[in-house]
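Breakdown of the fold
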Amino acid sequence: MKLSIVIPVYNEQETLEIIFRLVQETPYDKEIIAVDDASTDGSRDILARLAERYDNVRLFYHDCNQGKGAALRTGFAQVTGDVVIIQDADLEYRPVDYPALLAPIEEDVADVVYGSRLIGGRPHRVLFFWHYMGNKVVTTLSNMFTNLNLSDMEVGYKVFRAEVLKGITIKCNRFGVEPELTAKIAKQRCRIYEVPIQYHGRDYAHGKKITWRDGLAAVFHIIRFRFWD
């Protein structure tokens, strides 16, 4: 089984070296597809050095900042592996959880696996109450429209059999990609599992990008992809 690890990057110069090292240390046949979404902080230069250091890294660049969904659309179009993992570059999610995320697919009981910051006993940083409540609201609303019972729809760690993504065209450029992917795999009637993961959340002083506006947008996209797309 070959992994395609898609890493969207936007102004992550402080963490890129570390996350690439952690991904490379995982014991899997893998390719890394990094998509720089028009970083302005030197991330592109770091990515170029990493591509020279590791022979399994492929880089793609956006000329203007478009958002996480656009970066994933670019990355997904380039995968050659059997299983695709979304790996954020900011160290909120750690590759130490790959074995747990991959186990349901390796056991052939799942087509899609979501990590969850809200189940199980894995360590997680205590951060924003209103972010937690917002996540609960949009996850509940998403579940109502998809008839799923996910605990953490907005989680960054999502894993797919590659053939699942072949039937999905991402429309959302920003963080609306999370409810979009969820709605579309629900329509495919994929076998979906959740596993507990670690979560090392960061605050806005350290580069967190999602805001309350993205929460409101998520509500719109939940309804949009249920009825009109």
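Attention here is on the structure that accompanies the text. Predicted model, so just to flag it, every value in this text is computed and none were measured.

Digging into the state of the cysteines
Within the structure shown, the criterion is met by zero disulfides. Not part of a disulfide, Cys64 finds its nearest cysteine sulfur in Cys172, a span of 17 Å. Of the cysteine sulfurs around Cys190, a residue in no disulfide, the closest is that of Cys172, at 18 Å. Under the relative-accessibility criterion, Cys190 is labelled buried at 14%.

Quick word on the nonpolar core
Phe20, Phe76 and Tyr98 are the most contacted members of the largest nonpolar core, which has 59 residues in total. Considering every element that reaches this core, the biggest residue donor is strand S1 (residues 2-9), with five residues. Setting aside its immediate chain neighbours within four residues, Tyr98 contacts Ile5, Val23, Thr26, Tyr28, Ile85, Gln87 and Tyr157.

Some words on the pattern of salt bridges
As enumerated under the stated definition, the model contains 14 salt bridges in all. A salt bridge links Asp36 to Arg44; the nearest nitrogen and oxygen atoms lie 2.8 Å apart. Judged by relative accessible area, which is 0%, Asp36 ranks as buried. For the salt bridge of Lys68 with Asp88, the shortest nitrogen-to-oxygen distance reads 3.2 Å. Placement of the pair is Lys68 in helix H3 (residues 68-76) and Asp88 in the loop between strand S4 (83-86) and helix H4 (98-106), with a sequence separation of 20 residues. With relative accessibility at 12%, the residue Lys68 sits in the buried group. For Asp88, a relative accessible area of 11% gives the class buried. Here the residues in one salt-bridge network are Lys68, Asp88, Lys158 and Glu178, joined through shared partners.

Thoughts on the packing of aromatic side chains
Applying the stated rule across the entire model yields four aromatic pairs. Measuring from centroid to centroid gives 5.2 Å for Tyr93 and Tyr157, while their planes differ by 50 degrees, and the two rings are tilted. Of this pair, Tyr93 sits in the loop between S4 and H4 while Tyr157 is found in the loop between helix H5 (129-146) and strand S6 (158-161), placing the two residues 64 residues apart along the sequence. Comparing Tyr93 with Tyr157 shows no difference in burial state: the two are buried. Seen from their ring centres, Tyr93 and Tyr199 are 5.6 Å apart, and the 45 degrees between their planes marks the pair as tilted. Linking Tyr93 in the loop between S4 and H4 with Tyr199 in the loop between strand S7 (192-196) and helix H8 (212-227), this pair joins segments that are 106 residues apart in sequence. Assigned by exposure class, Tyr93 and Tyr199 land together as buried. One aromatic cluster in this structure is built from Tyr93, Tyr98, Tyr157 and Tyr199.

A word on the sheet that holds S1
Taken together, seven strands build an open sheet; the order of strands is S3-S2-S1-S4-S6-S5-S7 and the sheet is mixed. Each edge of the sheet is formed by a strand with only one pairing partner; in this case those strands are strand S3 (57-61) and S7. Adjacent strand axes in the sheet meet at a mean angle of 20 degrees, parallel and antiparallel pairs treated alike. Strand direction decides the pairing type here: S1 and strand S2 (residues 29-36), joined by eight bridges, are parallel. Bridged to Ser4 within S2 is Glu31. Relative to S3, helix H2 (residues 43-53) is tilted by about 155 degrees, and along the sheet it contacts S1, S2 and S3.

Regarding a nonpolar patch on the surface
Residues Leu118, Phe129, Trp130, Tyr132 and Met133 make up a contiguous nonpolar surface patch of about 550 Å² in total accessible area. Tracing the sequence through the fold places Leu118 in the loop between strand S5 (112-116) and H5. Exposure remark for Leu118: the relative accessible area of 33% places this residue in the partly exposed category.

Describing H3
By the criterion of burial, H3 is predominantly enclosed, with seven of the nine residues buried. Within H3, burial applies to Lys68, Gly69, Ala70, Ala71, Leu72, Gly75 and Phe76. Buried positions along H3 lie against S1, S2, S4, helix H6 (162-166) and helix H7 (177-187).

About the thresholds
Residues numbered from 1 in each chain as written. Predicted model: local features only at pLDDT ≥ 70, side-chain atom pairs only at ≥ 80, totals over all residues. Heavy atoms only, no water. Disulfide = S-S within 2.5 Å. Buried < 20%, exposed > 50% of the residue type's maximum accessible area, 1.4 Å probe, protein only. Core = buried A, V, L, I, M, F, W, Y, C linked by side-chain atoms within 4.5 Å. Helix = DSSP H or I, 4+ residues; strand = E, 2+ residues; numbered from the N terminus. Contact = heavy atoms within 4.5 Å. Salt bridge = Lys/Arg side-chain N within 4 Å of Asp/Glu carboxyl O. Phe/Tyr/Trp six-rings, centres within 6.5 Å; stacked < 30°, edge-to-face > 60°. Pairing = 2+ DSSP bridges. Axes fitted to C-alpha atoms, helices over the stretch in contact; angles between N-to-C directions. Patch = residues over 30% accessible without salt bridge, like charges linked within 9 Å, V, L, I, M, F, W, Y side chains within 5 Å. Areas by Shrake-Rupley, 256 points an atom, 1.4 Å probe, with all protein chains shown as cover.

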